[in-house]
Amino acid sequence: MAKIETLDANLFYGDFHALKNISMQMEENTVTALIGPSGCGKSTYLRLFNRMNDLIDSTRITGQILVDGEDIYRKNINVDELRIKVGMVFQKPNPFPKSIFENVAYGLRVNGEKNKSYIEDKVVQSLKQSALWNEVSDKLTKSAFELSGGQQQRLCIARALAISPSVILMDEPASALDPLSTAKIEELIHELKKEYTIVIVTHNMQQASRVSDYTAFFYLGELVEYGQTVEIFTKPKLKHTENYITGRFG
Amino acid sequence: MPKPFYKKLFEKIIEGILALSGSITSLAVLLIVIFLFKEGLGLFNRSPISEGYVLAVNKSNPISKIDANLVKQIFDQEITNWEKVGGKKDSIILFHLDDINSIYTEAQIGENLENLPTCISNVVDSIGGIVAFVPKSYIKSDFKGKVIEPVNITPKEFLLGKEWYPTAEPSAQMGILPILLGTLWVSLGAILLSLPLGLAVAIYMAEIANARVRNIFKPIIELLAGIPSVIYGFFGLVVIVPLIQTVFNLPVGETALAGSIILAIMALPTIITIAEDSLRTTPRSMKEASLALGASRWQTIYRIVIPYSISGITAAAILGIGRAIGETMAVLMVTGNAAVMPHSFLEPVRTIPATIAAELGESPKDGLHYQALFILGSILFIMTLIINLTVEYISSRNKLGKR
Ligand SMILES: Nc1ncnc2c1ncn2[C@@H]1O[C@H](COP(=O)(O)OP(=O)(O)O)[C@@H](O)[C@H]1O
Ligand SMILES: [Mg+2]
């Protein structure tokens, strides 16, 4: 069974048809890259998986999205629980104006975790997993805003990991970072793949080819081509895909 | 290409006009402050005894100075023995000018009152425990009694005195504590009522209501801000006052509570608008991050949105208080205006603005009462100044914190 399955999904922002008849499957413990020119619907598609598009008035969604075989748009689903299972890292680092510790503990606290030592263990573990522990272990009570951009983004990853999701959505997680921080994030994605299913939006072709197992190319709201990353990058089936990947448009 | 000369000149002129308007505004504020204090400060150099009158006692009386409050108690016959005010053990005998007719005949006093000074002098001289409250003009150089000096009103007595009888005779009572407390009680009550409600509406408008609902609510709230305060007072008098009277089974419904309710309604638009604006400054990314971690909408509101905009909410509350403290008309109409120390919200109280509005018209210019009202005005001004500075401080700290 695929970890995430999309069946003929459509999304409308009011009258604007932003996603058109998307169907695809994503396997467990893989990294899937979503690529395509700006405005083609990558973020919109990514945000379907944790129902982030619900926050926008006037969106209409048809089709089905299954996570672990469960339709996440069915009636009576607990969206908060879905979001625990499907974590998200945003384009710009967006830590809370709280301490480093409280940022990571936030998800546990809002989900009712009261056990102090459990929270502490989990915070440390998540910071280690996101390769930030060595840099912040002595300043956990400092404000998250004192960290550099790259550190903040890894803090946001730690924050997402702390509530033990099984899927992590990343929307251009390195686009606001310097090359060194970007390399660290990419390395991290390699590590995390062992335990998590990752869907990452990127407009950086090298990044997509470096980090992902599968690549999906979107254009004007349509899924143009989807396959193993090696194949998409070495012998794409469609001329359109090839042109985009080789940088001839977009 | 360099700008032509006339364009530069034009810009300079505009700049000059703007700078001038700025300085004129500041100057106006400064003048108001100077005016308030100048008119008021004379109060502390004056005797509280009614203008043109003196208090006279027998020559044997050791008392030479007396406090305004004691004068009142003596003439209210609450103090009946000189011993109580530091004199000899002798009962106090009050003497008003009218009393002269029961001692001397009209013939003795004289057709044109030409013998009145002598008569007064004789009376004061013959009764040991006397205190006479008589016009200064009848005290001649051959007066056989002793004129006692009343102690000037001190700032401390003014601020902490519990009795406000600015036109009482023989000595005015200028304690503003009941009025100060009345103002604070009514304002505090107002903020306790309007802050939770205003915050709730602000949260609803900023975080929950959709655009359509907001478009209905927003103009209504703005309308609320535009209603003249006398209309609020009218509404309070006709609706709230009788309601309070029946609900609490009171003899009168004009109470601090009525004032607080009306002020709460009046402060709502300020609180809602400012709190909503500040709630809206919470970045969308912050809210999304919270929701994406499985937090519910409410958890996101109270763990992220409110803490993020707390300084704006504080400013809203303080400006709401500011609105309440300075409000005059509506409060004047519904609080009953009794200048007594407030003990509960179900008693009449009187506020500073209401006192000034009600009494300034009847107080002779440059008189004691007039000056006292100006000091009250200055105190009100200082209160609002502190409020505004606090808001300024909070919002500037806010800007630094969120760089
Ligand atoms: N909240 C919104 N309301 C209306 N249109 C939107 C909204 N968000 C995105 N869109 C539109 O949907 C399309 C896809 O946007 P997005 O998914 O953000 O693209 P991408 O992430 O690929 O750059 C764009 O044309 C964008 O203008
Ligand atoms: Mg995007």
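Residues numbered from 1 in each chain as written. Chains lettered and ligands numbered in written order. Predicted model: local features only at pLDDT ≥ 70, side-chain atom pairs only at ≥ 80, totals over all residues. Heavy atoms only, no water.

Engineer: What exactly am I supposed to notice about the overall build of chain A here?
Structural biologist: From N to C terminus, chain A includes 10 helices and 10 strands. Its C-alpha radius of gyration of 18 Å places chain A within 12% of the 18 Å reference for a compact globule of 250 residues. Along the first, second and third principal axes, the C-alpha set of chain A runs to 55 × 45 × 35 Å. Expressed as a percentage of the 250 residues in chain A, the buried residues total 53%. Within chain A, residue pairs in contact and separated by at least 24 positions form 66% of the contacts whose partners lie at least 6 positions apart. (Helix = DSSP H or I, 4+ residues; strand = E, 2+ residues; numbered from the N terminus. Rg over C-alpha atoms; globule rule 2.2 N^0.38 Å. Buried < 20%, exposed > 50% of the residue type's maximum accessible area, 1.4 Å probe, protein only. Contact = heavy atoms within 4.5 Å.)

Engineer: Would you take a moment to explain the site of ligand 1 for this structure?
Structural biologist: Residues and elements named next belong to chain A. All residues in the neighbourhood of ligand 1 are listed as Y13, F16, A18, S38, G39, C40, G41, K42, S43, T44 and I56. With respect to ligand 1, the side chain of S43 contributes an N or O atom lying 2.7 Å from an oxygen atom. In the environment of ligand 1, an oxygen atom lies 2.4 Å from a nitrogen or oxygen atom belonging to the side chain of T44. Protein contacts shield 61% of the accessible area of ligand 1, which totals 560 Å² for the unbound molecule. (Near = heavy atom within 4 Å. Polar contact = N/O pair within 3.5 Å; in protein donor to acceptor, adjacent residues only side chain to side chain. Areas by Shrake-Rupley, 256 points an atom, 1.4 Å probe, with all protein chains shown as cover.)

Engineer: What am I meant to see in the nonpolar core here?
Structural biologist: In summary, soluble globular proteins display a tendency toward joint burial of nonpolar side chains. Within the largest apolar cluster, 59 residues are counted, with the highest numbers of intra-cluster contacts made by L34(A), Y45(A), F49(A) and L127(A). L43(B), F158(B), L373(B) and I394(B) belong to the second largest nonpolar core, which has 27 residues in total. (Core = buried A, V, L, I, M, F, W, Y, C linked by side-chain atoms within 4.5 Å.)

Engineer: So what exactly am I meant to see when it comes to the environment of I203(B) here?
Structural biologist: Residue and element names in this part refer to chain B. Mapped onto the secondary structure, I203 falls in helix 6 (residues 177-208). Sequence separation between I203 and I375 is 172 residues, and the spatial gap between their C-alpha atoms is 40 Å. With near-sequence residues (within four places) excluded, I203 lies in contact with I208, L279, W298, I301 and I306.

Engineer: How should the packing of aromatic side chains be read in this particular structure?
Structural biologist: By convention here, two paired aromatic rings are described through the distance between centres and the angle between planes. Per the counting criterion, the structure on display carries 12 aromatic pairs over all chains. Ring geometry for Y214(A) versus Y226(A): centroids 6.2 Å apart, planes at 45 degrees, classification tilted. Taken as a pair, Y214(A) in strand 9 (residues 214-219) and Y226(A) in strand 10 (residues 222-228) lie far apart in primary sequence, 12 residues in all. Aromatic pair Y53(B) and F133(B): ring centres 4.6 Å apart, planes at 20 degrees, arrangement stacked. Of this pair, Y53(B) sits in strand 1 (residues 53-57) while F133(B) sits in strand 4 (residues 130-135), placing them 80 residues apart in sequence. Through a chain of ring-to-ring contacts, the aromatic side chains of Y45(A), F49(A) and F218(A) assemble into a single cluster. Taking the ring centre of F96(A) as reference, the NZ or CZ of R159(A) above it sits at 4.5 Å. (Phe/Tyr/Trp six-rings, centres within 6.5 Å; stacked < 30°, edge-to-face > 60°. Lys NZ or Arg CZ within 6 Å of the ring centre and 35° of its normal.)

Engineer: How do you make sense of the interface of chain B and chain A when you look at a structure like this?
Structural biologist: Note on interface size: it is often stated as the accessible area lost on association of the parts. Facing 18 residues of chain B, the contacting portion of chain A comprises 25 residues. Between chain B and chain A the total buried area reaches about 1700 Å² when both faces are included, carbon and sulfur atoms providing 62% of it. If you sort the residues of chain B by the area they bury against chain A, A292(B), L293(B) and R303(B) come out on top, with a joint share of 35%. At the junction of chain B and chain A, the tally comes to one salt bridge. Remark: the boundary between chain B and chain A carries six residue pairs in polar contact (both at pLDDT 80 or more). (Buried area = accessible area lost by both parts, 1.4 Å probe. Salt bridge = Lys/Arg side-chain N within 4 Å of Asp/Glu carboxyl O.)

Engineer: Teacher, can you tell me more about the sheet that holds strand 2 (residues 65-66) of chain B here?
Structural biologist: Remark on secondary structure: sheet strands pair via backbone hydrogen bonds, oriented parallel or antiparallel. Residues and elements named next belong to chain B. Taken together, five strands build an open sheet; the order of strands is 2-5-1-4-3 and the sheet is mixed. A strand with exactly one partner marks an edge of an open sheet, and here the two such strands are strand 2 and strand 3 (93-96). Pairing of strand 1 with strand 5 (residues 146-150) involves three bridges; the strand directions are antiparallel. Within strand 5, the residue paired with V57 across the bridge is K146. Contacting strand 1, strand 3 and strand 4, helix 4 (residues 116-126) runs over the sheet at an angle of about 165 degrees to strand 4. (Pairing = 2+ DSSP bridges. Axes fitted to C-alpha atoms, helices over the stretch in contact; angles between N-to-C directions.)

Engineer: Just checking my understanding: could you explain the domain arrangement of chain B for this structure?
Structural biologist: Taken domain by domain, chain B consists of domain 1 (53-154) and domain 2 (177-402). Using only C-alpha atoms to locate each centre, domain 1 of chain B and domain 2 of chain B end up separated by 51 Å. (Domains from an automatic or database assignment.)

Engineer: What exactly am I supposed to notice about the pattern of salt bridges here?
Structural biologist: A side chain with one charge may pair with a side chain of the opposite charge, provided their charged atoms come close. Residues and elements named next belong to chain A. This model, assessed by the stated rule, comprises 24 salt bridges over all chains. K85 is paired through a salt bridge with E70; the nearest N and O atoms lie 3.9 Å apart. Linking K85 in helix 2 (residues 79-85) with E70 in strand 5 (residues 70-71), this pair joins segments that are 15 residues apart in sequence. R154 is paired through a salt bridge with E135; the nearest N and O atoms lie 3.0 Å apart. Residue R154 is located in helix 6 (residues 149-161), and its partner E135 is located in helix 5 (residues 133-136); the two are separated by 19 residues in the primary sequence. A relative accessible area of 3% means that R154 is categorised as buried. Look at E135 and you get partly exposed, because its relative accessible area is 26%. Bridged by salt links that share partners, the residues K3, D68, E70, R74 and K85 form one connected network.

Engineer: When you look at the sheet that holds strand 5 of chain A in this model, what are you seeing that I'm missing?
Structural biologist: Residues and elements named next belong to chain A. Reading across from one edge, 2-1-4-5 is the order of the four strands in this open sheet, with antiparallel pairing throughout. Lying at the two open borders of the sheet, with one neighbouring strand each, are strand 2 (16-26) and strand 5. Here strand 1 (residues 4-13) runs beside strand 2; their pairing, made up of seven bridges, is antiparallel. In the strand pairing of strand 2, L11 is matched with L19.

Engineer: Sorry, what's going on with a nonpolar patch on the surface here?
Structural biologist: On the surface, a nonpolar cluster with roughly 590 Å² of combined accessible area is contributed by F5(B), Y6(B), L9(B), I13(B) and I17(B). Structurally, I17(B) can be placed in helix 1 (residues 5-41). (Patch = residues over 30% accessible without salt bridge, like charges linked within 9 Å, V, L, I, M, F, W, Y side chains within 5 Å.)

Engineer: I would appreciate a short explanation of the environment of P155(B) in the present structure.
Structural biologist: The topology assignment puts P155(B) in helix 5 (residues 155-160). Separated by 19 residues in sequence, P155(B) and M174(B) have C-alpha atoms that sit 9.9 Å apart.

Engineer: How do you make sense of unusual backbone geometry when you look at a structure like this?
Structural biologist: Of all residues except glycine, most have a negative phi; of all peptide bonds, most are trans. Here the bond from E169(B) into P170(B) is cis, since omega is 0 degrees, no more than 30 degrees from zero. Despite not being glycine, D8(A) shows a phi value in the positive range, around 50 degrees. Structurally, the position occupied by D8(A) is in strand 1. Backbone geometry places D366(B), a non-glycine residue, at a positive phi of 65 degrees.

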